Every structure is written in structure tokens, then in C-alpha cells.
Amino acid sequence: VMEGRAVTVEEVMAELRKDIPFYENSDGGVTLSGGEPTLQHEFALALLRQCKTEGLHTALDTSGQAPWRLFEKLLPFVDLVLYDIKQIDEVDHKEHTGAANQLILANVLKIGDSGVPIEIRLPIIPGINDDREKIVGTAEFLLGVKGVTRVKLLPYHRLGEAKYPRLHMEYRLRDLQPPEPDRMEEIADWLRPYDLDVDVG
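Note that the structure is a prediction, hence the values are computed from the model and not measured.

(A) Main features of the overall build of the chain. Secondary structure summary: the chain contains nine helices and six strands in total. A compact globule built from 201 residues should have a C-alpha radius of gyration of about 17 Å, and the chain, at 18 Å, falls within 12% of that. Taken over the C-alpha atoms alone, the chain extends approximately 45 × 45 × 35 Å along its principal axes. For the chain, the proportion of its 201 residues judged to be buried stands at 41%. Taking the intrachain contacts of the chain between residues at least 6 apart in sequence as the baseline, contacts between residues at least 24 apart amount to 67%. As displayed, the chain has an accessible area near 11600 Å², and 52% of this comes from carbon and sulfur atoms. A gap of 5 Å separates the mean positions of the 23 positive and 35 negative side-chain charges of the chain.

(B) Quick peek at the nonpolar core. Core analysis: the biggest nonpolar cluster contains 48 residues, and Tyr83, Ile120, Leu153 and Leu191 have the highest contact counts within it. With residues up to four places along the chain from it excluded, the contact list for Ile120 reads Tyr83, Ile85, Val108, Leu142, Val148, Arg150, Val151 and Lys152.

(C) The arrangement of the sheet that holds strand β6 (residues 198–200) in detail. Pairing is parallel in the open sheet, where six strands are placed in the order β1-β2-β3-β4-β5-β6. Single-partner strands in this sheet number two, and they are β1 (30–32) and β6. Sheet twist, expressed as the mean angle between neighbouring strand axes with direction ignored, is 20°. Here strand β2 (residues 58–62) pairs with strand β3 (residues 80–84) via four bridges, running parallel. Bridge assignment links Thr62 to a residue of β3, and that residue is Tyr83. In the packing of helix α9 (residues 181–191) onto the sheet, the strands contacted are β4 (118–124), β5 (148–155) and β6, and the crossing angle to β5 comes to about 155°.

(D) View of the pattern of salt bridges. Tallied over the full model, the rule gives 16 salt bridges. Of the charged contacts, one joins Glu10 and Arg17 as a salt bridge, the two residues approaching to 2.7 Å between their closest N and O atoms. On the accessibility criterion, Arg17 (29% relative accessible area) is partly exposed. The partner of Arg192 in a salt bridge is Glu185, and the shortest N-O contact between them spans 3.8 Å. Classification of Glu185 by relative accessible area gives partly exposed; the value is 35%. When salt bridges that share partners are traced, they join Glu119, Arg121, Arg150, Lys152 and Asp199 into one network.

(E) How the structure looks around the environment of Ala6. On the secondary structure map, Ala6 appears in the segment before α1 (9–18). You can call Ala6 exposed: its relative accessible area is 75%. Through-space distance from the C-alpha of Ala6 to that of Lys52 is 22 Å; in sequence the pair is 46 residues apart.

(F) Fine view of the pairing of β2. Burial analysis of β2 places five of its five residues in the buried class, the great majority of the element. On β2, burial covers both faces: Thr58, Leu60 and Thr62 on one face and Ala59 and Asp61 on the other are all buried. Taken together, the three bridges between β1 and β2 define a ladder with parallel strand orientation. Across the sheet, residue Thr31 finds its bridge partner in β2, namely Ala59. Regarding topology, helix α3 (residues 41–53) serves as the crossover connection from β1 to the parallel β2, and that connection is right-handed. One crossover worth recording links β2 to the parallel β3 by way of helix α4 (residues 68–74), and it is right-handed.

Thresholds applied
Residues numbered from 1 in each chain as written. Predicted model: local features only at pLDDT ≥ 70, side-chain atom pairs only at ≥ 80, totals over all residues. Heavy atoms only, no water. Helix = DSSP H or I, 4+ residues; strand = E, 2+ residues; numbered from the N terminus. Rg over C-alpha atoms; globule rule 2.2 N^0.38 Å. Buried < 20%, exposed > 50% of the residue type's maximum accessible area, 1.4 Å probe, protein only. Contact = heavy atoms within 4.5 Å. Areas by Shrake-Rupley, 256 points an atom, 1.4 Å probe, with all protein chains shown as cover. Lys, Arg positive; Asp, Glu negative; His and termini not counted. Charge placed at Lys NZ, Arg CZ, Asp CG, Glu CD. Core = buried A, V, L, I, M, F, W, Y, C linked by side-chain atoms within 4.5 Å. Pairing = 2+ DSSP bridges. Axes fitted to C-alpha atoms, helices over the stretch in contact; angles between N-to-C directions. Salt bridge = Lys/Arg side-chain N within 4 Å of Asp/Glu carboxyl O. Right-handed = clockwise from strand over helix to strand, strands pointing away.

Printed below as a string of C-alpha cells:
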């Protein structure tokens, strides 16, 4: 059974305030993720605004698949954007995610222009987005994005598989195995000549 409950901004802040000593010792802060936080953009805006009022570092973890007007509202209260780029090729992106990537790529360029630092997240999925041409294509695109602080390579994992039966969906990657560490390092080496700070997760 999937569960959840409605909360107010003040209820969330009461929980966050308990962790302020931890944030101060770790240089951490508050990250809005999901799902996709822009789907609840009004709540996200109110929460981010209150976090900034109280001096907390804020990060927004997003797929980028949202209208730019929502990012325009949120970004003044965001210190760092964690941004997913799953596939640089538009046709492949649509095949594997069900949506085109034009909006995602346009938004990351605009976020870069806004001056908010960006950490790019590249999930590495064997046989889908891990060939050299696609990785190099992503690196070449990122050369045009301002404010990229780091590229984090995230190896495919199967932790979400259990959700699919509850959503009455087929898990199409059942036979796929996570990439080996050596393969992740090889991919990182393809990115490094582009002066990208690459972290293998």
C-alpha cells in the first residue's frame, strides 16, 4: 500500500530545524527531490523561501521536465540545482522515457544562465545510454552550459523495481545488471578531457 500525508510548510520546517546543528557541521542543507518537486511548485516555493529566510542552504533535485516559468519562480531561493540528463539523443530519450528531451536541455541552459550552480547527474544504464558516442555527445552539450560544478555518474540499480507491481506497470529492465566499477571509470575517462569534474557514484 502506498501511503503519504499532507503537511504544512511549518510542519516541515519544525523537522528541518532539528537538524540545523548537523547542517552546520557538515556544510549540508535541504534538498527538495521526489518524484519531481516542480509538480508541487507552490509548496516547494513556500518551503524554499522559508529555508532561505532561516539561512539554510537549499538544493533542487529535478528532471528538468517542467515549464521554465516554474524554475523562474524557484531559482531565486535555490543555492544548487541537481539536474538529471538521462539521454542526450532526442529519439532515444523519447523511446526510453516516454518524453522528448528538448525542454530538459533548454531548461538546463537557462538555469546555467541564471547563475545558480548545477550538478549534472548522469544515470548510466548499460546498453541504453552508456556508449561512447552518447557520453561524448553529452559532454559536448555540457560545454555550453554555464555553472556546471560537477558531473556525477550514477550506476543503474534495481532499487525501484518493487514499485512497478504496485503501479500495475511492467519492469522492462528486469534482466539488466548494474555496470561494473571498471566500466564506470572508463565512462568517466571519456568525460574528463572536456574539463568536467567527474564523480563516479
